[in-house]
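Residue-level structural notes
In case you want the letters, here they are:
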Amino acid sequence: MGDDKMVYESKNPEETTQNTRPRRKKTQDSHSVPKYDGKPAYEKKNRTRRVIEGITSVVLIAVFVGVGYWIFGDMTEIVQDDAEVPEYVAETDANGEIVENTSAEGTVFENIAIDNAQMYAGDLILVNNEYAYTEMDMEEITSIYEYKEANDISYYYVSGSDTSLRSIVLEAMTEMLSDFYVVTGHADIIILSGYRSTEAQQEFYDADLEATGSDTSDLVALPGHSEHETGYSFDVSLYIDGAVTDYDGTGDYEWIDENCDHYGLILRYPSDKSDITEIQSEEWHYRYVGQPHATYMTENNLCLEEYITLLKDYTSDNPLEIVNWDGEIYQAYYIAADTTSDSTYVLVPPDLDYTISGNNVDGFIITVDTGEIASHSETTTTESDSDSTNSDSDEETTETDDETAEDDEQTE
């Protein structure tokens, strides 16, 4: 340290002197800097201060190390044991709405909001004399003629280039008639009517009133209340030797009624349900409701009015289990629309495929594909239950010739 060189700056910044103190003229007030052990006093003080600071740093480090050891050294490793995880309990928000829910079987559902306007849309909407149709998703309406031309289809006819259906219905109908042609060799089905505007329905209705001289019609649905306005229904007939003839669904054509549910279709107005549908028997009128609902309705002899009512007994916690014709297991349940809001919270399983349809009455129907296939015993049991239901229904229903619709084709 005694050999350290000290540097001083001169008043001229370009000049620097080393190892030499600047000469200063002594005056009465000037004096030499006192020496201590051959070093300036202020340099000694600086070294002392550095020593004190070093000792302080060591002490602080020791304190931190000690505190850290006291905190972390006392901690023990957490090991997860085999204890059962408590069942999830759904919480509600400030408005009492369920954020998440758990079924009795332990299935966790997520809560999604559906615009209440969607209550009037979907495969399962009920349209009849009581419940009018509200136009929804009309971009789905597709020309049957253009579809046939695009896909080079020749095993059925269509009455005109403007006859149309919703695309999902058109595809299902085409698949059914393709299989019908393969099985029977018949290529004489003609699609007489599909989607119909409210204005066109009004024309049909007025024409019927004029023909009958009546104030009301039990043959043509009220404008705004016809299934044809939904695009989910169509009428068929036969086109043989260049002429349209009546279709009654007998003979080889029984295959259609026996298998239409495989394509999501039902015979909408059977003769034994006229008192419920308020429409006379129409052997030619088919309606798309989708799978697995068509199978359940057919096996249990239910018209759409009855089925919509039945579904209201089933919830997400207690769904209706349906074994489809192909053995796939579905679940269906109903959720009432929230009339106090513009939307309704609907419980759906986030890890499974599902669809949501309005019922056009008061709520929504959720259909869940469980991804499971029924065993043979389950399928047999379901068929047995359906036979029992059909038997009970037959006992309660008495058919007479007077209840059978006239042979002339009617326009619903």
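Reference entry: report on the structure contained in this document. (Residues numbered from 1 in each chain as written. Predicted model: local features only at pLDDT ≥ 70, side-chain atom pairs only at ≥ 80, totals over all residues. Heavy atoms only, no water.)

Taking burial as the measure, the nine residues of strand 16 (residues 328-336) include seven buried ones, the bulk of the element. Hairpin connection, strand 15 (residues 320-323) to strand 16: the antiparallel pair is bridged by four residues, and glycine 327 has positive phi, about 90 degrees. Across eight bridges, strand 16 lies against strand 19 (residues 363-373) in antiparallel orientation. Residue pairing across strands places glutamate 328 opposite isoleucine 373, the latter belonging to strand 19. (Buried < 20%, exposed > 50% of the residue type's maximum accessible area, 1.4 Å probe, protein only. Helix = DSSP H or I, 4+ residues; strand = E, 2+ residues; numbered from the N terminus. Pairing = 2+ DSSP bridges.)

With respect to topology, four strands assemble into an open sheet ordered 15-16-19-18, the strand pairing being antiparallel. The open sheet has two edge strands, strand 15 and strand 18 (353-358), and neither has a second partner. Across this sheet, the average inter-strand angle for adjacent strands is 25 degrees, counted without regard to direction. Helix 8 (residues 304-311) rests against strand 15, strand 16 and strand 19 of the sheet, and its axis sits at about 130 degrees to strand 15. (Axes fitted to C-alpha atoms, helices over the stretch in contact; angles between N-to-C directions. Contact = heavy atoms within 4.5 Å.)

With that settled, the discussion passes to a negative patch on the surface. A contiguous patch of negative charge on the surface is contributed by Glu135, Glu199, Glu203, Asp206 and Glu210. Mapped onto the elements, glutamate 199 comes out in helix 4 (residues 198-212). (Patch = residues over 30% accessible without salt bridge, like charges linked within 9 Å, V, L, I, M, F, W, Y side chains within 5 Å. Areas by Shrake-Rupley, 256 points an atom, 1.4 Å probe, with all protein chains shown as cover. Salt bridge = Lys/Arg side-chain N within 4 Å of Asp/Glu carboxyl O. Lys, Arg positive; Asp, Glu negative; His and termini not counted. Charge placed at Lys NZ, Arg CZ, Asp CG, Glu CD.)

The end-to-end C-alpha separation of helix 3 (residues 167-184) is 25 Å, in line with the 26 Å expected for 18 residues at 1.5 Å each. Inspection of helix 3 places Val169, Leu170, Ala172, Met173, Thr174, Met176, Leu177 and Phe180 among the buried residues, and these make up the whole buried set. (Expected span 1.5 Å × (residues − 1).)

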